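# Structural overview for review
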Amino acid sequence: MRLIADLHLHSKYARATSPNMNLEGMSAGAKLKGIDIVATGDFTHPVWFAELKGNLKEGESGTGLYNYNGVKFILQSEVSNIFSVNKIVKKIHLILLSPSLEIVAQINEALAKKGNLEADGRPIFGMSAAETVELVMGISRENVVIPAHAWTPWFSIFGSMSGFDTVEECFGDQAKHIFALETGLSSDPAMNWRLSKLDKYALVSNSDAHSPQKMGREANVFELQKPNYFEMIKAIREKNAKKFLYTIEFFPEEGKYHYDGHRDCGVSLSPAESIKLNNICPVCRRKLTIGVMHRVEALADRPEGTRPAGVIPYKSIVPLHELIAKAIGKSEVSTKVSELYSGLVPALGNEFAVLLDVDVGTIRRATCDEVADAIQRMREGKVGMKPGYDGVFGELVLDEKENAAAGRGEQARRQKKLDEF
């Protein structure tokens, strides 16, 4: 059974999150997107946890998953650790996964002694990332801790502004519990493969969605006999390519921290351009926000294009609303885009089916040539991106002349179809 899992998102109790990120909205979004297993988000928030306990139905005994409105849910939260190491402030976000409400209740009881769980769906703690891992894993070895969006400049394990250079440096003797890293929107597996010290870690991809529309923009694809927390985690831990089939990725240039730059100054620079300027903004003369591409380059010990043995492959996508909008030259929120989206989804199954599986000829019969052509080009990696920087999302480019002018982006040059791996 092929299963698509989005293991990291947020509820309506997190800051800057849609009020529709409740169980009703999440389950509806999962069905529309084609997500089989979706994270609850924010199980540390007391009010949200009470809603989860009151509404989720336990699935088949021993699966570690819960049901709501025909959708499988995995218990998940994200925490923020802000702490000092040698008088240098570090800011790390961690994804927490757990197989039961009873275990989550124990996690919440322990974390409540360390910080204010009611303040935000993603609570802040002054303890180190290592202390958090020790606390969570001390409650149950079935829990999972994954460093979130590993390369984001702020709030990530390898972030240029407040991170570390290695997993061991961040977690110390608790690194033994870390077996996976989340790539984040601004990096993809190929970028991570350039670091030999990451070979032992599985790479997972999740949406980190704050609204139902953003669910599934990144995800993980499994082949399991049935939905099961323990089997899914085992497949990730072992990097079992027969069970953990591939990840679904944002084109990393479209992530909002891919390039270096300054949003307020309108300055976007490649790593090479930043280095020539000593990483100083040419407008305001302050230090640039160093993006993911630059940070990967600084830590990499392998050339671009390296593919180590035993890695899980990936497919890159553009969310369907965005792809349709660019194809017809309209806003994503326009009536025409909504009409075309509705003509494809759920008529052809769900959004993932349209983006990845349904024959292009079938898609062409259900929509206009421009949209069908855009989907085919996306599948072939023949799209370009104006890279995102300093909190500004990148922009999809479909026009060939614009692609050439923009250099078409690193990803467009190297992206391969899954069957090329």
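Note that the coordinates shown come from a computational prediction; the quantities given were computed from them, not determined experimentally.

## Structural notes on the pairing of strand 11 (residues 219–223)
Within strand 11, 4 of the 5 residues are buried, which leaves the element mostly enclosed by the surrounding structure. Here 4 bridges tie strand 1 (residues 2–6) to strand 11, and the two strands are oriented antiparallel to one another. Counterpart to Arg 2 in the pairing with strand 11 is Glu 223. Summarising the sheet, strand 11 and strand 12 (residues 244–250) pair through 4 bridges and their orientation is antiparallel. In the strand pairing of strand 12, Asn 220 is matched with Thr 247.

## Notes on the state of the cysteines
This structure, assessed with the given rule, holds 0 disulfides. Take Cys 281: it sits in no disulfide, and the sulfur closest to it among the cysteines is that of Cys 284, at 3.7 Å. The exposure class assigned to Cys 281 is buried, which follows from its relative accessible area of 0%.

## Some remarks on the packing of aromatic side chains
If you walk through the whole model with that rule in mind, you get 7 aromatic pairs. For the pair Trp 151 and Phe 158, a centre-to-centre distance of 4.8 Å together with 40° between the ring planes defines the contact as tilted. Its relative accessible area of 1% is what places Trp 151 among the buried residues. Relative to Phe 230, the ring of Tyr 229 has its centre 5.2 Å away and its plane inclined at 80°; by these criteria the two rings are edge-to-face. Residue Tyr 229 is classed as buried on the basis of its relative accessible area, which comes to 1%. Against the face of Phe 164 rests Lys 90, its NZ or CZ located 4.6 Å from the ring centre. Above the face of the Phe 179 ring, Arg 237 is positioned so that its terminal group lies 4.1 Å from the ring centre.

## Examining the confidence of the model for the protein chain
Of all residues in the protein chain, 95% attain a pLDDT of 70 or more, and the chain-wide mean is 94. Helix 16 (residues 409–414) is the least confidently modelled element of the protein chain, averaging 40 in pLDDT, while strand 8 (residues 144–147) averages 99, the highest of any element. Long-range and interchain partners of residues 407–421, a stretch whose pLDDT sits below 50, account for 43 contacts in this model, where long-range means more than four residues apart.

## Quick word on the packing of helix 3 (residues 101–112) against helix 4 (residues 129–139)
Running from N to C, helix 3 and helix 4 point in directions that differ by 145°, and their axes come no closer than 9 Å. As for the relative orientation of helix 3 and helix 4, their crossing is right-handed in sense. Of helix 4, the residues touching helix 3 (which contributes Ile 103, Gln 106, Ile 107, Ala 110 and Leu 111) are Leu 135, Val 136 and Ile 139. Taken together, the residues of the contact of helix 3 with helix 4 break down into 7 nonpolar, 1 polar and no charged.

## Quick look at the nonpolar core
Core analysis: the largest hydrophobic core is formed by 121 residues, its most contacted members being Phe 171 and Ile 236. The greatest single-element share of this core, amounting to 6 residues, is contributed by strand 5 (residues 71–85). Other than its neighbours up to four places away in sequence, Ile 236 contacts Leu 7, Phe 179, Ala 180, Ala 202, Val 204, Phe 222 and Phe 244. In terms of nonpolar packing, the next biggest core, distinct from the first, is built from 5 residues, Val 267, Leu 269, Cys 281 and Leu 288 among them.

## Topic: the pattern of salt bridges
Pairing is possible between side chains of opposite charge, provided their charged atoms come close. Under the defined criterion, the tally for this structure stands at 14 salt bridges. Taking the shortest distance from any N to any O, the salt bridge between Glu 60 and Lys 226 comes out at 2.9 Å. Pair noted here: Glu 60 is in the loop between strand 3 (57–58) and strand 4 (66–68) and Lys 226 is in the loop between strand 11 and helix 7 (229–238), with a separation of 166 residues, a long-range link. Here Arg 194 and Glu 297 are joined by a salt bridge, their closest N and O atoms 2.8 Å apart. Taken together, the positions of Arg 194 in the loop between helix 6 (189–192) and strand 10 (202–204) and Glu 297 in helix 9 (residues 292–299) put the pair 103 residues apart, joining distant regions of the chain. With relative accessibility at 11%, the residue Arg 194 sits in the buried group. Relative accessible area serves as the criterion here: at 45%, Glu 297 is assigned to the partly exposed category. Within the structure, one salt-bridge network assembled from shared partners comprises Arg 364, Asp 369 and Asp 373.

## Observations regarding the pairing of strand 6 (residues 88–98)
Counting buried residues along strand 6, 8 of its 11 residues qualify, which places the element largely inside the surrounding structure. Note that strand 5 and strand 6 share 11 bridges and pair antiparallel. Bridge pairing links Ser 77 to Leu 96 in strand 6. Hairpin geometry of strand 5 and strand 6 is characterised by an intervening segment of 2 residues between the two adjacent antiparallel strands and by a positive phi of about 50° at Asn 86. Inspection of the sheet shows strand 6 paired to strand 8 by 4 bridges, in the antiparallel sense. Across the sheet, residue Leu 97 finds its bridge partner in strand 8, namely Val 144.

About the cut-offs
For every chain, the first residue of the written sequence is number 1, and numbering continues from 1 along that sequence. Selection of residues for local features in this predicted model requires a pLDDT of at least 70, selection of side-chain atom pairs for listing and counting requires 80 or more, and totals for whole chains, interfaces and linings are taken over all residues. Side-chain numbers come from the whole structure's heavy atoms, not from hydrogens or water. Burial classes follow relative accessibility: with a 1.4 Å probe on protein chains only, a residue under 20% of its type's maximum area counts as buried, one over 50% as exposed, and anything between as partly exposed. Comment: elements are numbered from the N terminus, with helices defined as DSSP H or I runs of at least four residues and strands as E runs of at least two. For two strands to be treated as a pair, DSSP must find at least two bridges joining them. The disulfide criterion is simple: two cysteine sulfur atoms within 2.5 Å. Each Phe, Tyr or Trp ring (for Trp, its six-membered ring) is paired with any other whose centre lies within 6.5 Å, and the angle between the two planes then decides the class: stacked below 30 degrees, edge-to-face above 60, tilted in between. Any Lys NZ or Arg CZ found within 6 Å of a ring centre and within 35 degrees of that ring's normal is scored as a charge over the ring. For every residue, the predictor reports its confidence as pLDDT, a number between 0 and 100. Note on contacts: a residue pair is in contact if any heavy atoms of the two residues lie within 4.5 Å. For helices, the fitted line uses only the C-alpha atoms of the stretch in contact; every axis is such a line through C-alpha atoms, and the angle between N-to-C directions lies from 0 to 180 degrees. If you view the pair so one helix is near and one far, a crossing is left-handed when the near helix is turned anticlockwise from the far one by less than a right angle, and right-handed when it is turned clockwise. Each residue receives one of three labels: charged for Asp, Glu, Lys and Arg, nonpolar for Ala, Val, Leu, Ile, Met, Phe, Trp, Tyr, Cys and Pro, and polar for the others, Gly being one of them. We define a nonpolar core as any set of buried Ala, Val, Leu, Ile, Met, Phe, Trp, Tyr and Cys residues linked to one another through side-chain atoms lying within 4.5 Å. A pairing counts as a salt bridge when a side-chain nitrogen of Lys or Arg comes within 4 Å of a carboxyl oxygen of Asp or Glu.

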